There are 4 protein chains.
Amino acid sequence: MGISSLDKTSELYQLSKAGKLCVPAMNVNDSVTKQKFDNLYCCRESILDGLKRTTDVMFGGKQVVVCGYGEVGKGCCAALKALGAIVYITEIDPICALQACMDGFRVVKLNEVIRQVDVVITCTGNKNVVTREHLDRMKNSCIVCNMGHSNTEIDVTSLRTPELTWERVRSQVDHVIWPDGKRVVLLAEGRLLNLSCSTVPTFVLSITATTQALALIELYNAPEGRYKQDVYLLPKKMDEYVASLHLPSFDAHLTELTDDQAKYLGLNKNGPFKPNYYR
Amino acid sequence: MGISSLDKTSELYQLSKAGKLCVPAMNVNDSVTKQKFDNLYCCRESILDGLKRTTDVMFGGKQVVVCGYGEVGKGCCAALKALGAIVYITEIDPICALQACMDGFRVVKLNEVIRQVDVVITCTGNKNVVTREHLDRMKNSCIVCNMGHSNTEIDVTSLRTPELTWERVRSQVDHVIWPDGKRVVLLAEGRLLNLSCSTVPTFVLSITATTQALALIELYNAPEGRYKQDVYLLPKKMDEYVASLHLPSFDAHLTELTDDQAKYLGLNKNGPFKPNYYR
Amino acid sequence: MGISSLDKTSELYQLSKAGKLCVPAMNVNDSVTKQKFDNLYCCRESILDGLKRTTDVMFGGKQVVVCGYGEVGKGCCAALKALGAIVYITEIDPICALQACMDGFRVVKLNEVIRQVDVVITCTGNKNVVTREHLDRMKNSCIVCNMGHSNTEIDVTSLRTPELTWERVRSQVDHVIWPDGKRVVLLAEGRLLNLSCSTVPTFVLSITATTQALALIELYNAPEGRYKQDVYLLPKKMDEYVASLHLPSFDAHLTELTDDQAKYLGLNKNGPFKPNYYR
Amino acid sequence: MGISSLDKTSELYQLSKAGKLCVPAMNVNDSVTKQKFDNLYCCRESILDGLKRTTDVMFGGKQVVVCGYGEVGKGCCAALKALGAIVYITEIDPICALQACMDGFRVVKLNEVIRQVDVVITCTGNKNVVTREHLDRMKNSCIVCNMGHSNTEIDVTSLRTPELTWERVRSQVDHVIWPDGKRVVLLAEGRLLNLSCSTVPTFVLSITATTQALALIELYNAPEGRYKQDVYLLPKKMDEYVASLHLPSFDAHLTELTDDQAKYLGLNKNGPFKPNYYR
């Protein structure tokens, strides 16, 4: 199996841990190329696209809080910052939090900024990151959406109560209306904005499909015993191969190592060029 | 041993491979916090600082080629691009090359741009990346410097020939003069620009020193048998601890997982928050 | 009359020059607030929006040439660069060309890059900037669109010839097909992309409408003789007033001059704060 | 006289207003090229250079307040934001304040952020923008410097009181020490940081000197009666000429208008290409 979604990957590791995995599997989701394209580079564009198509909001000057500064969060933040938004981050992981600082974002708890922000974006992979209490405190017209991996990040269920009115104003856009008239703009009912309200570029699909295909070919062709009933990361060299197949469309020209340089670096001239843990 | 420089790290792995490592060792150099600060974030600033202090060059509009798009290269490129330079990349690794494309840089072979660039910066870890042939083809006043890991990247020895005149114009700055009067501006005789011509912020020193100290403490305190005579990556949790110690200086506020969320994610509330291979 | 479009503004100046203007008029189009919002800030977002909605193109790594580096061009370039595109500029005006250099863009003639670019964007206000000859030399799948002020910038008429086939692939998107199978992707038949294929944020409409309304009120209320049968720029103080009305939506807090400071600067505490020629 | 400094320019206008100007004068300071280079582009680099050389501060994650969002402020903010600082703006002019919002900066009163910022930079042209009261409230190690036009912006005199100790820690760097031990780091005693602590690139000097020389030549060669005893802006065409002389050093290639295009635009093929009020 060559599996690429986050949910499925977690399942694989759980099966493996439980000793219930009956075939070898590749964790394609965590290959470098897949990670960067499906998450960082793709979300950098789809956050803008998804927000524009649904709300026509202007980004310049808007205050935005992004929950989670992993690859998806990094992509969203870079794009929004570049277009003039003021971005705050929430994080549970100190390494990602420190990266956010160095990239020029204030790291806050959601409660510190929830009253002032114009947009709330979740990309944590966690659940109930935005609670009813947060939703109650948002200002009028605040936009709430999810770029994470499922529909759990925003507690949408908590909004299905009698005192709140839902108004569908456009496909994928609901106004949730409080008794005092305050409206929160909920996108895609809390499901994935990038899948529901924007398109995936063919280039990204190509990267992902190539990675999956290579993983399957590797598993199929591998000599007896190379892979056991466990979960494996894609070999670095294959990851590099996926990337190299996509360079010509950018007219990018790779440099080749000389024999002397390869020897100096202790590398094969054809790769892999980095240790497996390198990202 | 808690070792952080690239050269020493390579040596450790070679010793280990040869079965000659007689104590456990930590590869501190590849911990996330160390990598990002010593390389990406620090070089983002020191490339500007080093060039300014030595040459007073204006960055706006300058054409620059950066050899190598690893962490150091990424830092240099981000800073130079932000200040209005036009940046080209050379790479041997297709994954890094593809990242350069997505970040908006043309990936070229050095020969394609060597006649037109105003600045050449090496950050490959390789040797003879800039050869005498390249140096011969550079235009007048081209600045050449090294941000990589030793003094091998620019073939400086090839410039010690009778037909070329060296003129020391300022501390760390040599004009190498061709018979036709062309001058190439060589910084720090090809040694590390960031160490020779700029300063390391105390913040970065603090990150590095903390990482090293924790690695030593861990090795010292570890129960018999945890570490064998091999090279280990710093445990993720310690990497996170280093980061968390430095958050208060940015007034950054971490979010804590609820019990429910920790259970959902299958994480300990105190970390580690990511698998070891996560960067 | 309080007129804001570029075409109408030119007409006004021509009427005035010809002595045929029979009422005073305000050139609202060149007020600072109007210029920056309708052009710079709005186009920074609508170029991305217009391209995404019509072509789903990924911006990262794409080579783009932008013809014209005025306010519209500056907005387009900033956005595209931020999302990882490699941008080239063409310009007739050396001041704008020098600004492009300082902002990190190569300034070229269209012919130098026409074979290699993935996207061509016109924002010159000129005519026949993209000619049939250019179109003949574009590579397969090149996207061509116009962000300037009318439908003259791309010579679309030249594409209405028997040897070329037009295929409407989506609303506002035509494939023009050469005999050898090459396709050029023409958006909105060369009309304004931002008006045809993206939306204008209400915030920008508010700025423009406020400027126009204030101009009309000023013309209506002005004492006999303040305005003759000529074209006037909006008084600086009104321009400032438009801006100040829109600050609260960003929770922006202005600083007030002390009496002492106002005296030192020779300014009225309520503005205008800049000379009329200041932009 | 062809005068380029801000102080001298103000004096000229005052002399003119008072009827005391006895020769024609050019306000070179407000020519587009001069403004952009001496202020925007030059300060974008010198703020980083000045701060690094004096304090070795790391920019990433630092909170900075910039007083004044004119050309100098815009340059400082762009550079600091790009290197990962979190930047706040203070402004008196609503147009500049709105621009700051659209560029992604919070616009605040100095008092709102004075306790939390790591760096205070003045670029207003005003006096007493940073008062003793502000200085009293800054946190330990806060850096204070001036990029504006004279030594009036920071009320340095107010720091010459017996309860405060001054310690010269390095050339151009004073620690001012409060009785409780708090230190404020004052650069260049409040004089211009860019002149005192960084260098001016030769490219910028060339722009400025060319502009001044052309202004003098124009005044000298002008036919009797073209200029009266008043202050004039540099003719647009000369401004364009200065720019065009500096394009070759960036290998920038201007596009020329065809006869047909020039007629369509109502322009001379050799310029000027923009109305005088265009910036």
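Just so it is clear, the structure is predicted and the values come from calculations on it, not from any experiment.

Quick word on the relation of the copies chain B and chain D
Between chain B and chain D, the superposition needs a rotation of 180° and an axial shift of 0.0 Å, giving an RMSD of 0.0 Å. Both copies are brought into coincidence by an operation consistent with a two-fold rotation axis. In terms of C-alpha distance to the rotation axis, chain B has Ala82(B) as its closest residue, with the C-alpha 2.9 Å off the axis. The overlap is high: 100% of the interface residues of chain B also sit at the interface in chain D, so the same surface is used on both sides.

Overview of a nonpolar patch on the surface
A cluster of nonpolar side chains, namely Leu195(A), Val200(A) and Leu205(A), defines an oily patch on the protein surface of about 270 Å² accessible area. Tracing the backbone shows Leu205(A) in helix α8 (residues 202-221).

Here's the deal with the packing of aromatic side chains
Geometry of an aromatic ring pair is reported as the spacing of the ring centres plus the angle between the planes. Here the structure, examined in full by the defined rule, presents 20 aromatic pairs over all chains. Taking the centre distance of 5.7 Å and the plane angle of 50° together, the rings of Phe37(A) and Phe203(A) count as tilted. Of the two residues, Phe37(A) is situated in helix α2 (residues 32-55) and Phe203(A) in helix α8; the sequence distance between them amounts to 166 residues. Judged by its relative accessible area of 12%, Phe203(A) falls in the buried class. Linked through ring pairs, Phe37(A), Tyr41(A), Phe203(A) and Phe250(A) together constitute an aromatic cluster. In this structure, Arg160(D) is placed above the aromatic ring of Trp166(D), and the distance from its NZ or CZ to the ring centre is 3.8 Å.

A look at α8(A)
All names here are of chain A. Between its first and last C-alpha, α8 extends 28 Å over 20 residues, near the 28 Å set by a 1.5 Å rise per residue. Every buried residue of α8 is accounted for by Phe-203, Val-204, Ile-207, Thr-208, Thr-210, Thr-211, Leu-214, Ala-215, Glu-218 and Leu-219. Viewed end-on, α8 has its buried residues packed into an arc of 160°, placing them on one side of the element. Exposed and facing more than 90 degrees away from the buried side of α8 are Thr-202, Tyr-220 and Asn-221.

What to know about the sheet that holds strand β9 (residues 173-177) of chain A
Residues and elements named next belong to chain A. An order of β5-β4-β3-β6-β7-β10-β9-β8 is seen for the eight strands of this open sheet, with the pairing classed as mixed. Edge positions in the open sheet fall to β5 (106-107) and β8 (165-170), since each of these has one partner strand only. Looking at chain direction, strand β3 (residues 63-67) and strand β6 (residues 119-122) are connected through four bridges and run parallel. Bridged to Val-66 within β6 is Ile-121. The strands touched by α2 are β6, β7 (142-146), β8, β9 and β10 (183-187); relative to β10, the strand with the most contacts, the crossing angle is about 125°.

Describing the interface of chain B and chain D
Contacts between the two partners involve 27 residues from chain B and, on the opposite side, 27 residues from chain D. Each partner contributes to the roughly 2200 Å² buried at the junction of chain B and chain D, and carbon and sulfur atoms together form 59% of this total. For chain B, the biggest contributors to the area lost against chain D are Glu45(B), Met58(B) and Leu83(B); these three give 29% of the whole. Put simply, Arg53(D) and Asp56(B) hold a salt bridge, and the shortest N to O gap is 3.2 Å. The tally of links from chain B across to chain D stands at 14 residue pairs in polar contact (both at pLDDT 80 or more). Secondary structure elements with two or more residues in the side of chain B that touches chain D: α2 (32-55), α3 (71-82) and α8 (202-221) of chain B. Ranked by residue count, the leading element in the side of chain B that touches chain D is α2(B), at nine residues. Tallied by class, residues from the side of chain B that touches chain D come to 14 nonpolar, five polar and eight charged.

Focus on the environment of Thr255(C)
Among the structural elements, Thr255(C) can be located in the loop between α9 (236-246) and α10 (259-265). Expressed as a C-alpha distance, the spacing of Thr255(C) and Ile121(C), which sit 134 residues apart in the sequence, is 40 Å. Sequence-distant contacts of Thr255(C), that is, excluding residues within four places in its chain, are made with Thr90(D), Glu91(D), Ile92(D), Val108(D) and Lys109(D).

Section: the relation of the copies chain A and chain B
The relation between the two chain copies is a rotation about an axis coupled with a shift along that axis. Under the fitted operation, chain A is carried onto chain B by 0.0 Å of movement along the axis and a turn of 180°, and the coordinates agree to an RMSD of 0.0 Å. Here 100% of the contact residues of chain A are again contact residues in chain B; the copies associate through an equivalent surface.

Examining the UniProt feature "domain: S-adenosyl-L-homocysteine hydrolase NAD binding" (unreviewed entry) in chain A
The UniProt record annotates "domain: S-adenosyl-L-homocysteine hydrolase NAD binding" (unreviewed entry) at residues 39-200 of chain A. Secondary structure content for residues 39-200 of chain A is 33% helix and 23% strand, and the end C-alpha separation is 11 Å.

Here's the deal with the pattern of salt bridges
Taken as a whole, this structure holds 80 salt bridges over all chains when the rule is applied. Here Lys36(B) ties to Glu71(B) by a salt bridge, and the two come within 3.6 Å at their closest N and O atoms. Of this pair, Lys36(B) sits in helix α2 while Glu71(B) sits in helix α3, and the two are 35 residues apart along the sequence. Take Lys36(B): its relative accessible area is 18%, and that puts it in the buried class. As a salt-bridge pair, Arg168(C) and Glu189(C) come within 3.3 Å of each other at their nearest N and O atoms.

Quick notes on the pairing of strand β7 (residues 142-146) of chain B
All names here are of chain B. For β7, the buried fraction is high: five of the five residues fall into the buried class. Burial along β7 is two-sided: the face carrying Cys-142, Val-144 and Asn-146 and the face carrying Ile-143 and Cys-145 are both buried. Of the pairings in the sheet, the one linking strand β6 (residues 119-122) to β7 comprises four bridges and is parallel in character. The residue of β7 that forms the bridge with Val-119 is Ile-143. In the classification by handedness, the crossover that spans β6, the intervening helix α6 (residues 132-137) and the parallel β7 is right-handed. One ladder, built from three bridges, connects β7 with strand β10 (residues 183-187); its direction is parallel. Note on β10: the bridge partner recorded for Cys-142 is Val-184.

So, helix α2 (residues 32-55) of chain C
An α-helix turns once every 3.6 residues. As a result, residues three or four positions apart point the same way. Residue and element names in this part refer to chain C. Its 24 residues place the ends of α2 33 Å apart at the C-alpha level, agreeing with the 34 Å of an ideal helix rising 1.5 Å per residue. A bend of about 50° at Cys-43 is the largest found in α2. Burial analysis of α2 places 21 of its 24 residues in the buried class, which makes it a mostly covered element. Just downstream of α2, Asp-56 is the residue with a positive phi angle, here 55°.

Overview of the sheet that holds strand β10 (residues 183-187) of chain D
All names here are of chain D. The strand order β5-β4-β3-β6-β7-β10-β9-β8 describes an open sheet built from eight strands, whose pairing is mixed. Strand pairing shows two members of the sheet lacking a second neighbour, β5 (106-107) and β8 (165-170), which therefore form its edges. Direction of pairing for strand β4 (residues 86-90) relative to β5: parallel, over a ladder of two bridges. Residue pairing for β5: Tyr-88 is matched across the bridge by Arg-106.

A short note on the environment of Thr210(A)
Residues and elements named next belong to chain A. Considering the arrangement of structural elements, one finds Thr-210 in helix α8. Residues Thr-210 and Val-173 lie 37 residues apart in sequence; the distance between their C-alpha atoms is 34 Å. Setting aside residues no more than four positions away along its own chain, Thr-210 makes contact with Val-242, Leu-245 and His-246.

Some words on the interface of chain A and chain B
Tallying the contact residues gives 63 residues for chain A and 63 residues for chain B. Counting across the interface, chain A meets chain B through eight salt bridges. Across the pair Asp93(A) and Lys274(B) runs a salt bridge, and its minimum N-O distance is 2.7 Å. At the boundary of chain A with chain B, the tally comes to 20 residue pairs in polar contact (both at pLDDT 80 or more). Residue assignment for the side of chain A that touches chain B shows that the elements contributing at least two residues are α2, α3 (71-82), α4 (94-102), β5, α9 (236-246) and α10 (259-265) of chain A. Per-element accounting of the side of chain A that touches chain B gives the leading share, eight residues, to α4(A). In terms of residue class, the side of chain A that touches chain B is built from 28 nonpolar, 16 polar and 19 charged.

So, the domain arrangement of chain A
Residue and element names in this part refer to chain A. Along its sequence, chain A is organised into domain 1 (1-22 + 207-233), domain 2 (32-195) and domain 3 (235-278). If you average the C-alpha positions of domain 1 and of domain 3, the two centres end up 24 Å apart. On the domain 3 side, the residues contacting the seven residues of domain 1 number six residues. Contact between domain 1 and domain 3 buries roughly 620 Å² in total, counting both sides, with carbon and sulfur atoms accounting for 77%. Among the residues of domain 1 in contact with domain 3, Ile-207, Thr-210 and Leu-214 are the three that bury the most area, contributing 59% of the side total. Our count for the domain 1 to domain 3 interface comes out at zero salt bridges. Ranked by the residues each element gives to the side of domain 1 that touches domain 3, the list is headed by α8, at five residues. Across the side of domain 1 that touches domain 3, the residue classes tally to four nonpolar, two polar and one charged.

Conventions adopted
- Residues numbered from 1 in each chain as written.
- Chains lettered and ligands numbered in written order.
- Predicted model: local features only at pLDDT ≥ 70, side-chain atom pairs only at ≥ 80, totals over all residues.
- Heavy atoms only, no water.
- Least-squares fit on C-alpha atoms with pLDDT ≥ 70 in both.
- Contact = heavy atoms within 4.5 Å.
- Patch = residues over 30% accessible without salt bridge, like charges linked within 9 Å, V, L, I, M, F, W, Y side chains within 5 Å.
- Areas by Shrake-Rupley, 256 points an atom, 1.4 Å probe, with all protein chains shown as cover.
- Salt bridge = Lys/Arg side-chain N within 4 Å of Asp/Glu carboxyl O.
- Helix = DSSP H or I, 4+ residues; strand = E, 2+ residues; numbered from the N terminus.
- Phe/Tyr/Trp six-rings, centres within 6.5 Å; stacked < 30°, edge-to-face > 60°.
- Buried < 20%, exposed > 50% of the residue type's maximum accessible area, 1.4 Å probe, protein only.
- Lys NZ or Arg CZ within 6 Å of the ring centre and 35° of its normal.
- Expected span 1.5 Å × (residues − 1).
- Arc of directions from axis to C-beta.
- Pairing = 2+ DSSP bridges.
- Axes fitted to C-alpha atoms, helices over the stretch in contact; angles between N-to-C directions.
- Buried area = accessible area lost by both parts, 1.4 Å probe.
- Polar contact = N/O pair within 3.5 Å; in protein donor to acceptor, adjacent residues only side chain to side chain.
- Nonpolar A, V, L, I, M, F, W, Y, C, P; charged D, E, K, R; others polar.
- UniProt positions renumbered as here; feature names shortened; annotations may be inferred.
- Right-handed = clockwise from strand over helix to strand, strands pointing away.
- Bend = angle between axes of the 7 residues up to and from the residue.
- Domains from an automatic or database assignment.

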